[in-house]
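Commentary on secondary and tertiary structure
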Number of protein chains: 2
Amino acid sequence: MPVNLAPIDPSALHPVPGLTLGVAQAGIRKAGRHDLVVLQWAAGSTVAGVFTKNRFCAAPVQVCREHLAADVAPRALLVNTGNANAGTGADGLARARRSCAALAAQLGLGPQQVLPFSTGVIMETLPVERIEAGLPAALADAKADNWALAARGIMTTDTVPKAASRQVTIGGRTVTVTGISKGAGMIRPNMATMLGFIGTDAVVERATLQQLVREAADQSFNRITIDGDTSTNDSLLLIATGAAGHAPVTALDSADGAVLREAVVDVARQLAQAIVRDGEGATKFIAVQVDGGRDADECARVAYAIAHSPLVKTAFFASDPNLGRILAAVGYAGIDDLDQGLIDLFLDQVHVARQGGRHPDYREEDGQRVMKQSEITVRVDLHRGASSTTVWTCDLSHDYVSINADYRS
Amino acid sequence: MPVNLAPIDPSALHPVPGLTLGVAQAGIRKAGRHDLVVLQWAAGSTVAGVFTKNRFCAAPVQVCREHLAADVAPRALLVNTGNANAGTGADGLARARRSCAALAAQLGLGPQQVLPFSTGVIMETLPVERIEAGLPAALADAKADNWALAARGIMTTDTVPKAASRQVTIGGRTVTVTGISKGAGMIRPNMATMLGFIGTDAVVERATLQQLVREAADQSFNRITIDGDTSTNDSLLLIATGAAGHAPVTALDSADGAVLREAVVDVARQLAQAIVRDGEGATKFIAVQVDGGRDADECARVAYAIAHSPLVKTAFFASDPNLGRILAAVGYAGIDDLDQGLIDLFLDQVHVARQGGRHPDYREEDGQRVMKQSEITVRVDLHRGASSTTVWTCDLSHDYVSINADYRS
């Protein structure tokens, strides 16, 4: 059961003018599952993406980077679930390219105009012939109001589909931002999540769009973790069709740029937090806020040390205010000159530790009360500087072990 | 149930001439448990230690470092379980000092001649008056052949006591090395384990002894991980009483030094591996060997990325050869210029991946066979250089979650 994550309401997902989605059941790994998604967008759109920093990045990630760097503008993307096409060597690259060529042929495009994405089991051969066989059905299904089914079509161990949508006004025109994401395990994105796709009909220059997708990732997908495992396939793509017809956004610090940025970051953050809320085995949604650091990097190191600690995560699962475990994680986060005598620790509004020791007024029942909630903010103040960062994570439960001990069976 | 760890045989633990151990039940956290241990050693002994790098180090660790740096030679140490006296601020330091003073008074020593150690729950007040009340019983119990009970007296969530013993010949004299350790969770030592105490009657200069304890830690306790959580209390102490009476060992690269080093490293490694074999919820003992790195540091980074991955650890628990998870961990270990096309992966003798992809001869049933074993070696060859490192770890099971969700209740 995801933590406080309402089912998506298809009617609340605004179509993005200039963009269609088609979904099919291709039997990639199991029969009867929506496992193939094709997105197409209008000529003249701009596209920008960020990808995993995992050096063992999957074949589709490598091909995607190549195609985005090519001279021709991409016009479609192809996603399969059930097989990540990672750890598959030269053969995997060939299969990713073949899938692009197959879709390109049906759409009258060049192969480099198709971007491939895969997610699922690692180190198994991609059944590209099943993808080819499934393409006609996916293309026949193409329509603008198909975001909800597409969100379902990219799921793996996710228990619910994930989508978010916003509308803002730019240059007097209504601009839509709608996106979907998937991911529930192997989540500690380093650039993006497992898979996230956001479309908008805003008019945006490509360089500005690239800056926007990176900023959005840094404030959303790059601030979540479930198990600390950075995936081989993390990808976030932002497509701007330009159908809204306002004057082009050429800088994020312009008035229009700020409106668009706020909307894209908001959608990205909803999609990223949805991944944590549906984290494998998650029973709690936890924000870890670190204040008073010298820079954002050291705040993030402390926040991730807390968010990755199996001891902290199991204590949250048990609703046990065994909060010394949080202090221990702060201590091993790698800040060599940290002064433990300055540290404050709060659980929501409860002041747990002051100057590195238990606060004299802290009562166990206050900690217990907060720990029982399904949403908790851990706040650490390092008292070393003015920087802050927040990371979102979930607890570590029996179900996490069950899900990952059984995933392939 | 610990993994392939035979119960300790008290008669196999050679007493160390010049050193006695006394154990008592002081009711630190629960009644009826051996939770207080006093070690005493002869005047003229040398003592050296290494301690946690956690910046939130416990009060006893801070006091221990002070006392070791003082002008007077330490003559005794005091260990309590049930309370780590960590995250306790200035009050915790005062209580640690008071416990040293109490033991010193009974032994006619200065307070700085006593070294304090604590292990157990973090961020709770140390009941120093119970320690004081328990000291007479611990002192009355002092004897040389008490290593087995002392091993029991330092346990927390350990399911079995841990000890190892060796005898070697130096300068025609029989020299004994005997040690004990504890720890089962919050284990990713960074200098030493939770607690390890090794005694020898070898004659060793203090500077040489300090070098020896660091080398022993680096080859043993600093190469294990259970959950990646570096404790606030990690400490390893090496005491050389000199009772064997041979010519002093003044260099580890001398003939005598090499014999002593081999024995101390062997005892330390047995003690460290015993901690992994008794890791919280462990059902498997896994060696992660990384070859072909440019230096030991990058080998260790890759080995720890694998050893800390919850996805890898749950796959071992399930005996599921979902080995792409290991490649993914190699990829996010932080080696920026890693070439995935060079990587080999072996599970014991089974060649799983070659040049970054599934080996054409690899059969799932071969991987499955190895995964079902209780002892497994994962070997990764990076093919970048000549360096190697091995790290020892265990799997992640339902019992790990249960133990840490229930630890304080």
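The structure displayed is predicted, hence computed values, not measured ones.

Moving on: unusual backbone geometry. Its identity is not glycine, yet Asn4 of chain A carries a phi of approximately 50°, on the positive side. Mapping Asn4 of chain A onto the fold places it in the segment before strand E1 (19-24). Backbone geometry at Asp348 of chain B places phi at a positive 50°, although glycine is not the residue there. Positionally, Asp348 of chain B belongs in the loop between strand E11 (344-347) and strand E12 (350-354).

Let us now look at the side chain of Asp201 of chain B. Tracing the backbone through its elements, the reader meets Asp201 of chain B in the loop between strand E8 (195-200) and helix H5 (206-218). Leaving out residues up to four positions away in the same chain, Asp201 of chain B has contacts with Val16, Pro17, Thr174, Val175, Thr176, Thr241, Gly242, Ala243 and Ala244 of chain B.

Superposition of the two copies of the chain requires a rotation about an axis and a shift along the axis. With an RMSD of 0.1 Å, chain A superimposes on chain B once it is rotated by 180° and translated 0.0 Å along the axis. Within this description, the copies of the chain are treated as partners about a two-fold rotation axis. In terms of proximity to the rotation axis, the leading residue of chain A is His398 of chain A, whose C-alpha is 2.8 Å off the axis. A high fraction, 100%, of the interface residues of chain A reappear at the interface in chain B, so the copies pair face to face through one surface.

On the chain B side, the residues contacting the 57 residues of chain A number 57 residues. Across the chain A/chain B interface, buried area totals approximately 4800 Å², and carbon plus sulfur atoms make up 59% of it. Across the chain A-chain B interface, the total number found is 0 salt bridges. Linking chain A with chain B are 18 residue pairs in polar contact (both at pLDDT 80 or more). Among the elements of the structure, helix H8 (310-317), helix H9 (324-331), strand E12 (350-354), strand E13 (357-358) and helix H11 (398-406) of chain A are those that each provide at least two residues to the side of chain A that touches chain B. For the side of chain A that touches chain B, the leading source of residues is H11 of chain A, giving 6 residues. When grouped by side-chain class, the residues that make up the side of chain A that touches chain B number 26 nonpolar, 20 polar and 11 charged.

Let us look at the nonpolar core. Residues Leu77 and Phe117 of chain A together with Leu77, Phe117 and Leu237 of chain B are the most contacted members of the largest nonpolar core, which totals 153 residues. Setting aside its immediate chain neighbours within four residues, Phe117 of chain B contacts Phe51, Pro60, Cys64, Leu77, Leu78, Val79, Asn80, Leu195, Phe197, Ser235 and Leu237 of chain B.

The subject of this paragraph is helix H11 (residues 398-406) of chain B. Within the span of H11 of chain B, buried status applies to Tyr400, Val401, Asn404 and Ala405 of chain B. For H11 of chain B, the angular spread of buried residues about the axis comes to 120°, placing them on one side. Check the buried side of H11 of chain B and you find it contacts H8, H9 and H11 of chain A. Its side-chain oxygen placed 3.2 Å from the backbone nitrogen of Asp399 of chain B, Ser397 of chain B serves as the N-cap of H11 of chain B.

Residue and element names in this part refer to chain A. By the assigned domains, chain A splits into domain 1 (10-277) and domain 2 (285-406). Domain 1 puts 14 residues into the contact, and the matching count from domain 2 is 14 residues. Summing both sides of the interface, domain 1 and domain 2 together bury roughly 1300 Å²; the carbon and sulfur share of this comes to 58%. Scanning the region where domain 1 abuts domain 2 turns up 1 salt bridge. Between Glu375 and Arg277 there is a salt bridge, with its nearest N and O atoms 2.4 Å apart. Our count for the domain 1 to domain 2 interface comes out at 1 residue pair in polar contact (both at pLDDT 80 or more). Among the residues making up the side of domain 1 that touches domain 2, the classes are represented as 3 nonpolar, 6 polar and 5 charged.

To continue, consider the environment of Val276 of chain A. Tracing the chain through its elements places Val276 of chain A in helix H6 (residues 255-277). For Val276 of chain A and Leu19 of chain A, which are 257 residues apart along the polypeptide, the C-alpha to C-alpha distance reads 28 Å.

What follows deals with the packing of aromatic side chains. All names here are of chain A. Taken as a whole, this structure holds 2 aromatic pairs over all chains when the rule is applied. Geometrically, the ring pair formed by Phe117 and Phe197 is edge-to-face, given 4.9 Å between the ring centres and 85° between the ring planes. Placement of the pair is Phe117 in strand E5 (residues 114-121) and Phe197 in strand E8 (residues 195-200), with a sequence separation of 80 residues. The same class applies to Phe117 and to Phe197, which are both buried.

What follows deals with the side chain of Ser99 of chain B. Looking at the element boundaries, Ser99 of chain B is found in helix H2 (residues 89-107). Residue classification places Ser99 of chain B among the buried positions, given a relative accessible area of 3%.

A word on the packing of helix H2 (residues 89-107) of chain A against helix H3 (residues 128-140) of chain A. Residue and element names in this part refer to chain A. Running from N to C, H2 and H3 point in directions that differ by 25°, and their axes come no closer than 10 Å. Considering their axes alone, H2 and H3 lie roughly parallel with respect to each other. You can see that H2 and H3 cross each other, and the crossing is right-handed. Two secondary-structure elements touch here, H2 through Arg95, Arg98, Ser99, Ala102, Leu103, Gln106 and Leu107 and H3 through Val128, Glu129, Ile131, Glu132, Leu135, Pro136 and Leu139.

All names here are of chain B. Overall, mixed pairing links the 6 strands, which are arranged E13-E12-E11-E14-E10-E15 in an open sheet. Each having just a single partner strand, strand E13 (357-358) and strand E15 (387-394) make up the two edges of the open sheet. The sheet contact formed by E11 and strand E14 (residues 375-381) spans 4 bridges and is antiparallel. Counterpart to Leu347 in the pairing with E14 is Val378. The strands touched by helix H10 (residues 364-371) are E11, E12, E13 and E14; relative to E12, the strand with the most contacts, the crossing angle is about 120°.

A few words on the pattern of salt bridges. All names here are of chain B. This structure, assessed with the given rule, holds 38 salt bridges over all chains. Among the ionic pairs, Arg294 bridges to Asp337, the shortest N-O distance being 3.1 Å. A residue pair is termed long-range when its members are at least 10 positions apart, and Arg294 in the loop between strand E10 (285-293) and helix H7 (296-308) and Asp337 in the loop between helix H9 (324-331) and E11 qualify at 43 residues. We classify Asp337 as partly exposed; its relative accessible area is 46%.

Within a sheet, each strand pairs with its neighbour through backbone hydrogen bonds, oriented either parallel or antiparallel. Residue and element names in this part refer to chain A. The strand order across the open sheet formed by 5 strands is E3-E9-E8-E7-E6, and the pairing between neighbours is mixed. At either margin of the open sheet sits one strand with a lone partner, and together these are strand E3 (46-51) and strand E6 (162-170). In this sheet, neighbouring strand axes are inclined to one another by 10° on average, regardless of whether the strands run parallel or antiparallel. Pairing geometry for E3 and strand E9 (residues 235-240), over 6 bridges, is antiparallel. Among the inter-strand pairings, Thr46 is bridged to a residue of E9, identified as Ala240. Helix-sheet contacts for helix H5 (residues 206-218) involve E3 and E9, and the interaxial angle to E3 is about 35°. Sheet contacts for H6: E6, strand E7 (173-182), E8 and E9; angle to E6, the most-contacted strand, approximately 170°.

What counts and what doesn't
Residues numbered from 1 in each chain as written. Chains lettered and ligands numbered in written order. Predicted model: local features only at pLDDT ≥ 70, side-chain atom pairs only at ≥ 80, totals over all residues. Heavy atoms only, no water. Helix = DSSP H or I, 4+ residues; strand = E, 2+ residues; numbered from the N terminus. Contact = heavy atoms within 4.5 Å. Least-squares fit on C-alpha atoms with pLDDT ≥ 70 in both. Buried area = accessible area lost by both parts, 1.4 Å probe. Salt bridge = Lys/Arg side-chain N within 4 Å of Asp/Glu carboxyl O. Polar contact = N/O pair within 3.5 Å; in protein donor to acceptor, adjacent residues only side chain to side chain. Nonpolar A, V, L, I, M, F, W, Y, C, P; charged D, E, K, R; others polar. Core = buried A, V, L, I, M, F, W, Y, C linked by side-chain atoms within 4.5 Å. Buried < 20%, exposed > 50% of the residue type's maximum accessible area, 1.4 Å probe, protein only. Arc of directions from axis to C-beta. Domains from an automatic or database assignment. Phe/Tyr/Trp six-rings, centres within 6.5 Å; stacked < 30°, edge-to-face > 60°. Axes fitted to C-alpha atoms, helices over the stretch in contact; angles between N-to-C directions. Parallel < 35°, antiparallel > 145°, perpendicular 65-115°, else oblique. Left-handed = near helix turned anticlockwise from the far one by under 90°. Pairing = 2+ DSSP bridges.

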